[in-house]
Amino acid sequence: MTIKKVTSHPSQNEALIFERSQEGRVGYRLPELDVDETGIDEIIPAELRRDDDLDGVPEVSEVDVVRHFTRMSTWNYSIDLGMYPLGSCTMKYNSRLNEKVARIAGFTNLHPLAPEGESQGALRLIYELQEDLAEITGLPGVSLQPAAGAHGEMTGVMIIRDALDEKFGEESKNRRVMLVPDSAHGTNPASASMAGFTVKTIRSTDEGLTDMEHLRELCDQGGIAGLMLTNPSTVGVFERNIKEICDTIHEVGGLVYMDGANMNALVGVARPGDMGVDVIHLNLHKTFSTPHGGGGPGCGPCCCTEELSKFLPKPAIVKDGERYRLDHDRPNSIGRVKAFFGNFGMMIRALAYIRTHGDTGLREATEAAVLNARYLAAKLEEDFERPFAPDPMHEVIFSHKRQSRKGVHTLDIAKRLIDYGFHPMTIYFPLIVDGAMLIEPTESVGRAELDDFVDAMKSIAKEAQEDPDLVIGAPHTTRIGRLDEATAARKPVLKWTPDMGKQAEAAG
Ligand SMILES: *Cc1c(COP(=O)(O)O)cnc(C)c1O
């Protein structure tokens, strides 16, 4: 069925606000002007006054505006609406309390250039968050400046580079190889390359672990600056040889970077610092209260060993007695990586998250996140191929292998899930799994919701066998079916002009 484009049907298509415009319609009425206009030139010079008729601004009433935007707001899928199983994004629900705390006027109204003496509360908050993250990661050096996960990576590999330069002097320029497993997040090789390293890829085993033999082989080839490793990996598997991997890299003089974006699987249970990791970044906008994927600000703290902490970005926030201050006098620092202090609002949310959970709460959240992913793994492996055998951590990966024999692919399954009322999982990532479906339920879903999701997935698996066209043609319940996503991304139409409306009318 094609849906006719109507201007005002709540559950159907919605015209653009420009297309709803009717000449002369307004949302206000002002009293007649009862003052003399002479003399206006002295108040507002002519060149600053517009003389056009506000051409192109939609002429609509107040209720037109309210209903238009309210209707569209109901088309969004959101974390407040239901499960958001987008693997690698940790789309957990976060307490409203954290938002409330982030809106405390003393924080929101504080100017970033306010003197230290008047910013003690904010500096203390940053300092205490640093302390908490140091405790959680087992890495005492912390900078909250980086504004994204990838930015934290960049900061971390720059620290590695400076540390190697200091340790090896001239010889350091022969150490420019950064090892990155083939299961890595794409940002890892990108960050390494931007920091001047050459990337060499390490193979993964059938179990989704780092191939230790290949790792040793690459180490033997020399020139090793370090290794960047996501743990748990992007296929949701905990790297159980992590200690041995760290030892192997340290033996050849390199440093170990751990991508900690998946820390939701470890908080309160295991600490990267204890595993031998030297540098890590966290994604506060995943694990610590700000949801990922909204396109909003991020915070990707960089944490490192005591030994490396002198290289962290400056200024550092330090405590002298009972006072907090900015320490600019850090000659070994890689420098500033972000204006002011980073994205402060997210730090408030993160501290509220950590303090309201407490030690046991953080651990429980981790355990629930892992349990939920394992529950899905166990329930769905009958119907979908699970390429790696080990029990997953916070997320579980499947492939479309069984369904693709019937011509049903990952994209089709994801689109069909929309008909069942769920936000799709992450698809075609990571690249080492053909037709990957990466599912991360997080700790924010209960048993009943997980079972609903399992039912939907099982039902789609059945449809794929019995009526593949139903899945291939999905979604069937949305206003717009399959988009030409490549064209939408490559040639986006971002501006409406009146003749576009006429063209659309002519085209019917
Ligand atoms: C999300 C993620 C990143 C990148 O984080 P951004 O904030 O998007 O830059 C890096 N590594 C892993 C494993 C991730 O999941």
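Residues numbered from 1 in each chain as written. Predicted model: local features only at pLDDT ≥ 70, side-chain atom pairs only at ≥ 80, totals over all residues. Heavy atoms only, no water.

**Quick look at the overall build of the protein chain**
In step 1: In terms of helices and strands, the protein chain carries 17 helices and twelve strands.
In step 2: Once the C-alpha set of the protein chain is aligned to its principal axes, its extents read approximately 80 × 70 × 45 Å.
In step 3: Here the protein chain holds 508 residues, and 47% of them are scored as buried.
In step 4: The contacts in the protein chain between residues at least 6 apart in sequence include a share of 68% that link residues at least 24 apart.
In step 5: Roughly 25800 Å² of accessible area belongs to the protein chain as shown, and the carbon and sulfur atoms make up 52% of that amount. (Helix = DSSP H or I, 4+ residues; strand = E, 2+ residues; numbered from the N terminus. Buried < 20%, exposed > 50% of the residue type's maximum accessible area, 1.4 Å probe, protein only. Contact = heavy atoms within 4.5 Å. Areas by Shrake-Rupley, 256 points an atom, 1.4 Å probe, with all protein chains shown as cover.)

**A few points about the domain arrangement of the protein chain**
In step 1: Each assigned domain of the protein chain is listed with its residue range as follows: domain 1 (96-356) and domain 2 (368-489).
In step 2: Of note, the centres of domain 1 and domain 2, computed from C-alpha atoms alone, are 31 Å apart.
In step 3: Taken together, the 20 residues of domain 1 in the interface contact 16 residues of domain 2.
In step 4: Across the domain 1 to domain 2 interface the summed buried area is about 1300 Å²; carbon plus sulfur atoms make up 65%.
In step 5: At the boundary of domain 1 and domain 2, one finds zero salt bridges.
In step 6: Class assignment for the residues of the side of domain 1 that touches domain 2 results in seven nonpolar, ten polar and three charged. (Domains from an automatic or database assignment. Buried area = accessible area lost by both parts, 1.4 Å probe. Salt bridge = Lys/Arg side-chain N within 4 Å of Asp/Glu carboxyl O. Nonpolar A, V, L, I, M, F, W, Y, C, P; charged D, E, K, R; others polar.)

**A word on the site of the ligand**
In step 1: Near the ligand lie 14 residues; those nearest to it are Gly 149, Ala 150, Asp 259, His 285 and Lys 286.
In step 2: Measuring from an oxygen atom of the ligand, one finds a backbone N or O atom of Gly 149 at 2.7 Å.
In step 3: A distance of 3.1 Å is found between an oxygen atom of the ligand and a side-chain nitrogen or oxygen belonging to Asn 283.
In step 4: When the free accessible area of the ligand is taken as 380 Å², the share hidden by the protein chains comes to 89%. (Near = heavy atom within 4 Å. Polar contact = N/O pair within 3.5 Å; in protein donor to acceptor, adjacent residues only side chain to side chain.)

**Comments concerning the sheet that holds strand β11 (residues 426-427)**
In step 1: A sheet is described by the order of its strands in space; here three strands give the open sequence β10-β12-β11, paired in antiparallel fashion. Both outer strands of the open sheet, β10 (396-399) and β11, are each paired with one neighbouring strand and no more.
In step 2: Two elements, β11 and strand β12 (residues 436-439), share two bridges in a ladder whose sense is antiparallel. Looking at β12, one finds that Thr 426 is bridged to Leu 438. (Pairing = 2+ DSSP bridges.)

**Considerations on the sheet that holds strand β7 (residues 302-304)**
The strands that make up a sheet pair up through hydrogen bonds in the backbone, lying either parallel or antiparallel.
In step 1: Overall, mixed pairing links the seven strands, which are arranged β1-β7-β6-β5-β4-β2-β3 in an open sheet. Every other strand in the sheet has two partners, leaving β1 (141-143) and β3 (198-202) as the edge strands with one partner each. In this sheet, neighbouring strand axes are inclined to one another by 20° on average, regardless of whether the strands run parallel or antiparallel.
In step 2: In this structure, strand β2 (residues 177-181) lies alongside strand β4 (residues 224-230), joined through three bridges in parallel fashion. Note that in β4 the partner of Met 178 across the bridge is Gly 226.
In step 3: Contacts from helix α8 (residues 212-220) reach β2, β3 and β4 within the one sheet, and its direction differs from that of β3 by about 150°. (Axes fitted to C-alpha atoms, helices over the stretch in contact; angles between N-to-C directions.)

**Considerations on a nonpolar patch on the surface**
In step 1: Among the surface-exposed residues, Ile 40, Ile 43, Ile 44 and Leu 48 lie close enough to one another that they form a single nonpolar patch of about 400 Å² accessible area.
In step 2: Along the chain, the position of Ile 43 falls in helix α1 (residues 40-43).
In step 3: A residue is classified by how much of its surface remains accessible, and Ile 43, at 69% relative accessible area, is exposed. (Patch = residues over 30% accessible without salt bridge, like charges linked within 9 Å, V, L, I, M, F, W, Y side chains within 5 Å.)

**Focus: a negative patch on the surface**
In step 1: On the surface, a cluster of negative charge is made up of Glu 23, Asp 53, Asp 55 and Glu 59.
In step 2: Tracing the sequence through the fold places Asp 53 in the loop between α1 and α2 (62-73).
In step 3: Since its relative accessible area comes to 66%, Asp 53 is described here as exposed. (Lys, Arg positive; Asp, Glu negative; His and termini not counted. Charge placed at Lys NZ, Arg CZ, Asp CG, Glu CD.)

**Describing the pattern of salt bridges**
Should their charged atoms come close, side chains of opposite charge can pair.
In step 1: Counted according to the given criterion, the structure contains 33 salt bridges.
In step 2: The shortest N-O distance in the salt bridge between Arg 271 and Glu 135 comes to 3.9 Å. Placement of the pair is Arg 271 in the loop between β5 (255-260) and α10 (272-275) and Glu 135 in helix α5 (residues 120-137), with a sequence separation of 136 residues.
In step 3: A relative accessible area of 55% places Glu 135 in the exposed class.
In step 4: In this structure, Arg 176 engages Asp 165 in a salt bridge whose closest nitrogen and oxygen atoms are separated by 3.5 Å. With Arg 176 in the loop between α6 (149-168) and β2 and Asp 165 in helix α6, this residue pair connects regions lying eleven residues apart in the sequence.
In step 5: A single salt-bridge network, built from bridges that share partners, covers Arg 124, Glu 128, Asp 132 and Arg 355.

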